[in-house]
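Analysis of the macromolecular model
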Amino acid sequence: MAMKTVSENASFGGVQGVYSHAATSTACDMTFAVYLPPEAKTQKVPVLWYLSGLTCTHENAMTKAGAQAWAAAYGIAVIFPDTSPRGEGVANDEAYDLGQGAGFYVNATQAPWAPHFRMWDYVKTELPKLVFDELPLDPARQGITGHSMGGHGALTLAMTDPDTYRSVSAFAPIAHPTASDWGRKQLGAYLGPDESTWTAHDSTLLMREKGYPGEILIDQGSKDNFLDLLKPEALAEAAAKRRQPIQFRMQPGYDHSYFFVSTFMEDHVAWHAERLGA
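So, here is what we can say about the structure in this document. (Residues numbered from 1 in each chain as written. Predicted model: local features only at pLDDT ≥ 70, side-chain atom pairs only at ≥ 80, totals over all residues. Heavy atoms only, no water.)

A few words on the overall build of the protein. Secondary structure assignment for the protein yields 9 helices and 9 strands. With respect to the three principal axes, the spread of C-alpha positions in the protein is 50 × 45 × 35 Å. Expressed as a percentage of the 278 residues in the protein, the buried residues total 57%. Entry remark: accessible area of the protein is about 10900 Å², with carbon and sulfur atoms responsible for 50%. Seen as two clouds, the 21 positive and the 31 negative side-chain charges of the protein have centres 5 Å apart. (Helix = DSSP H or I, 4+ residues; strand = E, 2+ residues; numbered from the N terminus. Buried < 20%, exposed > 50% of the residue type's maximum accessible area, 1.4 Å probe, protein only. Areas by Shrake-Rupley, 256 points an atom, 1.4 Å probe, with all protein chains shown as cover. Lys, Arg positive; Asp, Glu negative; His and termini not counted. Charge placed at Lys NZ, Arg CZ, Asp CG, Glu CD.)

If you look at the biggest cluster of nonpolar residues, it comprises 87 residues, and the most contacted ones within it are Phe32, Tyr50, Leu137, Ile144 and Tyr190. No other element matches the 8 residues that helix α3 (residues 119–134) contributes to this core. Residue contacts for Leu137: discarding those within four places in its chain leaves Leu36, Lys44, Val45, Val47, Ala77, Ile79, Val131 and Phe132. (Core = buried A, V, L, I, M, F, W, Y, C linked by side-chain atoms within 4.5 Å. Contact = heavy atoms within 4.5 Å.)

Now for the environment of Tyr35. Take Tyr35: it is sitting in strand β3 (residues 28–36). Residue classification places Tyr35 among the buried positions, given a relative accessible area of 0%. Taking C-alpha positions, Tyr35 is 17 Å from Thr83, a pair spaced 48 residues apart along the chain. The residues contacting Tyr35, other than those within four sequence positions of it, are Ser11, Phe12, Gly14, Val15, Gln16, Gln68, Ala71, Ala72, Ile76, Ala77 and Val78.

In this section: the packing of aromatic side chains. For the coordinates displayed, the defined rule picks out 11 aromatic pairs. Ring centres 6.4 Å apart and planes at 45° place the aromatic pair Tyr50 and Phe171 in the tilted group. Here the residue Tyr50 occupies a position in strand β4 (residues 45–51), and Phe171 occupies one in strand β7 (residues 165–171), the gap between them amounting to 121 residues. Across this residue pair, the class does not change: Tyr50 and Phe171 are buried. With a centroid separation of 5.2 Å and an interplanar angle of 85°, the aromatic rings of Trp113 and Phe117 are classed as edge-to-face. You'll find Trp113 and Phe117 in the same group, each marked buried. The ring centre of Trp271 lies 3.4 Å from the NZ or CZ of Arg275, which sits over that ring. (Phe/Tyr/Trp six-rings, centres within 6.5 Å; stacked < 30°, edge-to-face > 60°. Lys NZ or Arg CZ within 6 Å of the ring centre and 35° of its normal.)

What follows deals with the sheet that holds strand β8 (residues 216–221). With mixed pairing, the 9 strands of this open sheet are ordered in space as β1-β2-β3-β5-β4-β6-β7-β8-β9. The open sheet is flanked by β1 (4–11) and β9 (246–251), the only strands paired with a single partner. When strand polarity is set aside, the average angle formed by the axes of neighbouring strands in this sheet is 20°. As paired elements, β4 and strand β6 (residues 137–146) share 6 bridges and run parallel to each other. Bridging from a neighbouring strand, Leu51 pairs with Gly146 of β6. The sheet contacts of α3 involve β2 (14–23), β3, β4, β5 (77–80), β6 and β7, and relative to β2 the element is tilted by about 120°. (Pairing = 2+ DSSP bridges. Axes fitted to C-alpha atoms, helices over the stretch in contact; angles between N-to-C directions.)

So, about the environment of Arg249. Locating Arg249 in the fold gives a position in strand β9. Looking at Arg249, the relative accessible area reads 24%, which means it is partly exposed. Sequence spacing of Arg249 and Val131 is 118 residues, and the spatial spacing of their C-alpha atoms is 32 Å. What Arg249 contacts, discounting residues up to four positions off in sequence, is Leu217, Ile218, Asp219, Gln220, Phe264 and Asp267. Within polar-contact distance, the side chain of Arg249 engages the side chain of Asp267 at 2.9 Å. (Polar contact = N/O pair within 3.5 Å; in protein donor to acceptor, adjacent residues only side chain to side chain.)

Another point: the pairing of β6. Most of β6 sits inside the fold, with 8 of its 10 residues counted as buried. In this structure, β6 lies alongside β7, joined through 3 bridges in parallel fashion. If you follow Gln142 over to β7, its bridge partner there is Tyr165. Taken together, β6, helix α4 (residues 149–160) and β7 constitute a β-α-β crossover, and its handedness is right-handed. (Right-handed = clockwise from strand over helix to strand, strands pointing away.)

Right, let's get into the side chain of Ser11. In this fold, Ser11 is placed in strand β1. By relative accessible area, which is 14% here, Ser11 ends up buried. Leaving out residues up to four positions away in the same chain, Ser11 has contacts with Gln16, Tyr35 and Gln68.

In short, shape yes, function no, at least from these values alone.
Written out as structure tokens, the structure is:
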């Protein structure tokens, strides 16, 4: 089903839109946001996917990350998907880190999550098909980034399908979820107790196995109060052992908030724009 316009606002010469559609992969209505730079008025533009973290919707990064100014400057679109299925009849949990708002970018196989929690298929296949059919976006020039849970999703998607994602970066990603309480709980709930099914969703394990054919950019705040859950040292060690081209920047004094993300957003947009030929 075609997407419906929720809102559109002029922004830095381009358009910040919010849209909804009936998604088949998640079996519910989904809302997402797209920023189109001024160039999109006359030509197809490259695309940067921004995957958000726990408890977020499409709106958090759209309003707090400061991406629009830099996307306009570099001529690149930014797409902000939601982080999970939502609505009546969609399973949920009292904890903030499981259920609605915490899809972890996997395809759930376990009850009660399996009917709706198929965020891997939604982000990788269904939403791209919709936006590339409806908007002036170039499917041959896609990059992906994300924050926290979204950084986990960006890294795992890019390492799994580097032909689609020609550039990848992350802000404070959950880097080793199979060894973290931010991961073992959710992967066990969504995918079941067989831990062999978890490995495709752990960027440290994917780095050990296959890496990524291009360079990776990761920013991490040194004062992030979730460092023990994120485990950036595991991913850095795996990248060093593989001799993976990577810029892993520990940013002194920064925490896990959108103040951190917005501070380094220009660097990330520029990184992707250069690699996508914007």
